[in-house]
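# Coordinate analysis (summary)
What follows is the residue order along each chain.
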Amino acid sequence: MSAASCLLTEDQFLCSICLDVFTDPVSTPCGHNFCKTCITQHWDVNVSCQCPNCQKVFNTRPELQVNTFISEVAAQFRQSAQQKASSSSSEQQVSKPGEVPCDDCTGTKLKALKSCLVCLASYCETHLEPHLTMSGLKRHQLIDPVENLEGRMCGKHDKLLELFCKTDQMCVCVLCTVLDHKTHDVVPLEDEYEGKKAELGKTEAETQEMIQKRRLKIQEIKRSVELSNQNADREIAEGVQVFTALMESVERSQAELVHTIKEKLRKTEKQAEGFIKELEQEISELEKRSSEVEQLSRSEDHLHLLQSFTSLNAAPPTKDWTEVSVCPPSYEGTVVRAVNQLEETLRKQMKKVELKRVQQHEVDVTLDPDTAQPWLILSDDGKQVYNSDVKKNLPDTPERFDSCCCVLAKQSFSSGRFYYEVQVKGKTGWDLGVARESINRKGKIIPTPQKGYWTICLRNENKYKACAGPSVRLSLKSQPEKVGVFVDYEEGLVSFYDVDAAALIYSFTGCSFTERLHPLFSPDLNFDGKNSAPLIISPVNHTE
């Protein structure tokens, strides 16, 4: 054995469950070794019989036999360890406050390593040796050192508490079972220990599961806070943008208001200055005539007065100022018009903010050729569709539209929010929106929410309608060239936007979605080439 000891180490004879030298080692069918008690208790606690080392599962619980060779080698390692511990007893620690002292030490009390439930005493390494070497003491039950071993004795009969009364849920001695607990359900402490330990294992597992759930909840809350911070930053940025534009508009409108008022005043002053200049000119001419008249009237020369009087009859030309006046300019409505202009600027900014908000939920959408009506032509990348007026020979599967020129997207959504944009430039007719997965795709279709369709359409170049059942006529300021479609599944909302004008076209509200939704596209009929332009699924432009 000495030769073997040179080659083998104690680590090779440690049970991976209790991390101590093997006691009654057994081997599992997969070749791993454990203490018999350790692996038995492990399988009692767990539902399936599984090797703790390699995780191999055994359909039936293996019958385990003690491996005598490994048991003998482990015993020698244990004995060697005990001898080594005995030889180094001089290095044992002195018992400190809070530690259990050895009951056999005289003078300085050393730290106890084990307590004996039979002797009701605690022992240091030196005084523990008889319990490890003497056959009579080896059968004593040793535990980690504990104080108050007397508490393990029955206070009434002074016997060891080695049984458990399940009726009264208390530890009892042998005499208790024939006296006070005679008819009760009493089992050995070891049996109840195993049961309680299994319960503790289950409780520990449940507790760990609760801890894990709460850790996940913490992560969820932190993620929510992170998203809240992101949303707050985005809202602040958008708010600053709106108010910056508003303040710039206020300053611009104020400057225009002041300029308008001053310009009106300047024109009034210029007109008044012109009138005053004319009047002063006439006054000058009239004063000159008055002076000449006064001089002539003083003349006593009869001939001179009569000869000069004729020229005085021709009075200088003057203007009739009776109806002439300078009216103060009217500033009424100037401020109101400026404020209205501000309101319009604010509305435009808010529309841009709203569109930018829904654009953040952009999804990649491609057309599903398996749903396309046979007259439709799809691009290779699944982003464009138009009507060719030529029917292709395609299988009439349940997924395919056979009469209505429609096609669905491959993607579908059953929660959350999503947004995509479709170019409709150059078309005289089209349908866009979303539809339930279970919609009827055969024969004539009337797209309404009751039938599982939430769409808007263009007919005859300028007739826009929301297919709300009955349809709603839409009055648009301009014809949209790109339409954005936004869906909030939980909110029950489907909204359509004129992307270039950043204007809301129409919203279906209060919708009740109970299944997956597919984006729906219809390029409408070709009409001899008048409506040949394709519908194009376009990437979202996130420019400011």
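It should be noted that the structure appears before, not after, this text.
What this report covers is the structure whose coordinates are included nearby. (Residues numbered from 1 in each chain as written. Predicted model: local features only at pLDDT ≥ 70, side-chain atom pairs only at ≥ 80, totals over all residues. Heavy atoms only, no water.)

This brings us to a positive patch on the surface. Where like charges cluster on the molecular surface, the positive patch consists of Lys 348, Lys 351, Lys 352 and Lys 477. Secondary-structure assignment places Lys 352 in helix H9 (residues 334–359). (Patch = residues over 30% accessible without salt bridge, like charges linked within 9 Å, V, L, I, M, F, W, Y side chains within 5 Å. Areas by Shrake-Rupley, 256 points an atom, 1.4 Å probe, with all protein chains shown as cover. Salt bridge = Lys/Arg side-chain N within 4 Å of Asp/Glu carboxyl O. Lys, Arg positive; Asp, Glu negative; His and termini not counted. Charge placed at Lys NZ, Arg CZ, Asp CG, Glu CD. Helix = DSSP H or I, 4+ residues; strand = E, 2+ residues; numbered from the N terminus.)

A separate point is the side chain of Arg 436. Among the secondary structure elements, Arg 436 is positioned in strand E15 (residues 430–436). You can call Arg 436 buried: its relative accessible area is 19%. (Buried < 20%, exposed > 50% of the residue type's maximum accessible area, 1.4 Å probe, protein only.)

On to the packing of aromatic side chains, then. Taken as a whole, this structure holds 9 aromatic pairs when the rule is applied. With centroids separated by 6.1 Å and ring planes inclined at 70°, the aromatic side chains of Trp 43 and Phe 58 adopt a geometry described as edge-to-face. In this pair, Trp 43 is assigned in helix H2 (residues 36–45) and Phe 58 in strand E4 (residues 57–58), connecting sequence segments 15 residues apart. An identical accessibility class is assigned to Trp 43 and Phe 58; each is buried. Seen in terms of ring centroids, Trp 454 and Phe 513 are 5.0 Å apart; in terms of plane orientation they differ by 85°. Their pairing is edge-to-face. Linking Trp 454 in strand E16 (residues 453–459) with Phe 513 in the loop between strand E21 (503–508) and strand E22 (517–522), this pair joins segments that are 59 residues apart in sequence. (Phe/Tyr/Trp six-rings, centres within 6.5 Å; stacked < 30°, edge-to-face > 60°.)

A grouping of Leu 175, Val 178 and Leu 179 is seen on the molecular surface, where their side chains present a nonpolar patch of about 260 Å² in accessible area. With respect to the helices and strands, the residue Leu 175 is situated in helix H6 (residues 174–178). Exposure remark for Leu 175: the relative accessible area of 35% places this residue in the partly exposed category.

Attention shifts here to the nonpolar core. Counting residues in each nonpolar core, the largest one holds 38 residues, and the members touching the most others are Trp 430, Phe 508 and Phe 521. Each residue touching Trp 430, except ones within four places of it in the same chain, is listed here: Val 424, Ile 456, Cys 457, Leu 458, Arg 459, Tyr 464, Val 483, Ser 522, Pro 523, Asp 524 and Leu 535. By size, the runner-up hydrophobic cluster in this structure holds 18 residues, among which are Val 21, Ile 39, Cys 49 and Val 73. (Core = buried A, V, L, I, M, F, W, Y, C linked by side-chain atoms within 4.5 Å. Contact = heavy atoms within 4.5 Å.)

What follows deals with the pairing of E22. Counted residue by residue, E22 has 6 buried out of 6 residues, so it is predominantly covered. Judged by which residues are buried, E22 turns out to be covered on both faces: Leu 517, Pro 519 and Phe 521 on one side and His 518, Leu 520 and Ser 522 on the other are all buried. Relative to E22, strand E13 (residues 407–408) runs antiparallel, the two being bridged by 2 bridges. In the strand pairing of E22, Val 407 is matched with Phe 521. As paired elements, E15 and E22 share 6 bridges and run antiparallel to each other. Paired with Leu 432 across the strands is Phe 521, a residue of E22. (Pairing = 2+ DSSP bridges.)

Further remarks concern H2. Of all the residues in H2, the buried ones are Cys 38, Ile 39 and Trp 43. Buried residues in H2, looked at end-on, bunch into an arc of 125°, giving them a common side. On the buried face of H2, the contacting elements are strand E1 (25–27), strand E2 (33–35), strand E3 (49–50) and E4. (Arc of directions from axis to C-beta.)

Taken in spatial order, the 6 strands make up an open sheet running E13-E22-E15-E16-E17-E18, and their pairing is antiparallel. Either end of the sheet is taken by a strand with one partner, and the two such strands are E13 and strand E18 (472–474). Sheet topology note: the strand E17 (residues 463–466)/E18 ladder contains 3 bridges and is antiparallel. The residue of E18 that forms the bridge with Ala 466 is Val 472.

In total, this model carries 18 salt bridges according to the counting rule given. Put simply, Glu 226 and Arg 223 hold a salt bridge, and the shortest N to O gap is 3.1 Å. Here the residue Glu 226 and the residue Arg 223 both occupy positions in helix H7 (residues 189–298), the gap between them amounting to 3 residues, near one helical turn. With a relative accessible area of 40%, Arg 223 lands in the partly exposed category. Among the salt bridges present, the one from Glu 515 reaches Arg 436, with a minimum N-O distance of 3.8 Å. One end of the pair, Glu 515, is in the loop between E21 and E22; the other, Arg 436, is in strand E15, and 79 residues separate them in sequence. Counted as one network, the salt bridges with shared partners bring together Asp 431, Arg 459 and Asp 524.

Moving on, we get to the pairing of E17. Where burial is concerned, the two faces of E17 differ: the one with Tyr 464 and Ala 466 is buried and the one with Lys 463 and Lys 465 is not. Relative to E17, E16 runs antiparallel, the two being bridged by 4 bridges. Across the sheet, Ile 456 pairs through a bridge with Ala 466, a residue of E17. A loop of 3 residues connects E16 with E17, the two strands running antiparallel in sequence, and Asn 460 in this loop sits at a positive phi of about 55°. Between the end of E17 and the start of E18, which pair antiparallel, lie 5 residues, with Gly 469 showing a positive phi angle near 65°.

Here the residue pair Gly 469 and Pro 470 is connected by a cis peptide bond, since its omega of 5° sits within 30 degrees of zero. Structurally, Pro 470 is set in the loop between E17 and E18. With phi around 65°, Asp 524 is a residue other than glycine that occupies positive phi space. Residue position: Asp 524 is located in the loop between E22 and strand E23 (535–538). Despite not being glycine, Phe 527 has its phi angle at roughly 50°, a positive value. Structurally, Phe 527 is set in the loop between E22 and E23.

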